[in-house]
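What the coordinates show
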Amino acid sequence: QVRLVESGGGLVQAGESLTLSCAASGRTFSTYHMGWFRQAPGNEREFVAQISWSGKTTLYADSVKGRFTISRDNAVNTVYLQMNSLRPEDTAVYYCNGRSTTRGLGTDLSSDEGYWGQGTQVTVSS
């Protein structure tokens, strides 16, 4: 079992940047692919980004590619999401997710598979 706790959300203006962190505890962090999902009010949860256990491979939703960067530091059991050029449509609760490496990166991204954090609110004004 893995416990995930997100932090770093807040209120920013369009065009600004924000970095989210997800701290993991429990079983070995490096044995999981990690990802970020988000859910805006009235919308379904959507995939944002994912990173392999080693950090060598990443995957991004088209809506954030080129603006967001996912990274991880297995030494401190933390995954990050650096968000640049934020837009009002990026406003959502962002959730950290960990799932088994027995399946490839990008598998069943529409499912609720794996472990989830409680979420952190990101609000982009204007």
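Above this text sits the structure in question.
First, a word on what this report is: a plain description of the structure on this page. None of these values were measured; they are calculated from a predicted model. (Residues numbered from 1 in each chain as written. Predicted model: local features only at pLDDT ≥ 70, side-chain atom pairs only at ≥ 80, totals over all residues. Heavy atoms only, no water.)

Turning our attention to the pattern of salt bridges. Per the stated rule, a full pass over the model turns up six salt bridges. A salt bridge links Arg38 to Asp90; the shortest N-O distance between them is 2.9 Å. Note that Arg38 is positioned in strand E4 (residues 32-39) and Asp90 in the loop between strand E8 (78-83) and strand E9 (92-100), a separation of 52 residues in sequence. For Asp90, a relative accessible area of 1% gives the class buried. Taken together, the salt bridges that share partners define one network made up of Arg38, Glu46, Arg67 and Asp90. (Salt bridge = Lys/Arg side-chain N within 4 Å of Asp/Glu carboxyl O. Helix = DSSP H or I, 4+ residues; strand = E, 2+ residues; numbered from the N terminus. Buried < 20%, exposed > 50% of the residue type's maximum accessible area, 1.4 Å probe, protein only.)

This brings us to the pairing of strand E1 (residues 2-7). In E1, alternate side chains face the same way, and those of Val2, Leu4 and Glu6 are buried while those of Arg3, Val5 and Ser7 on the opposite face are not. Pairing between E1 and strand E3 (residues 18-26): six bridges, direction antiparallel. What sits directly across from Ser7, in E3, is Ser21. (Pairing = 2+ DSSP bridges.)

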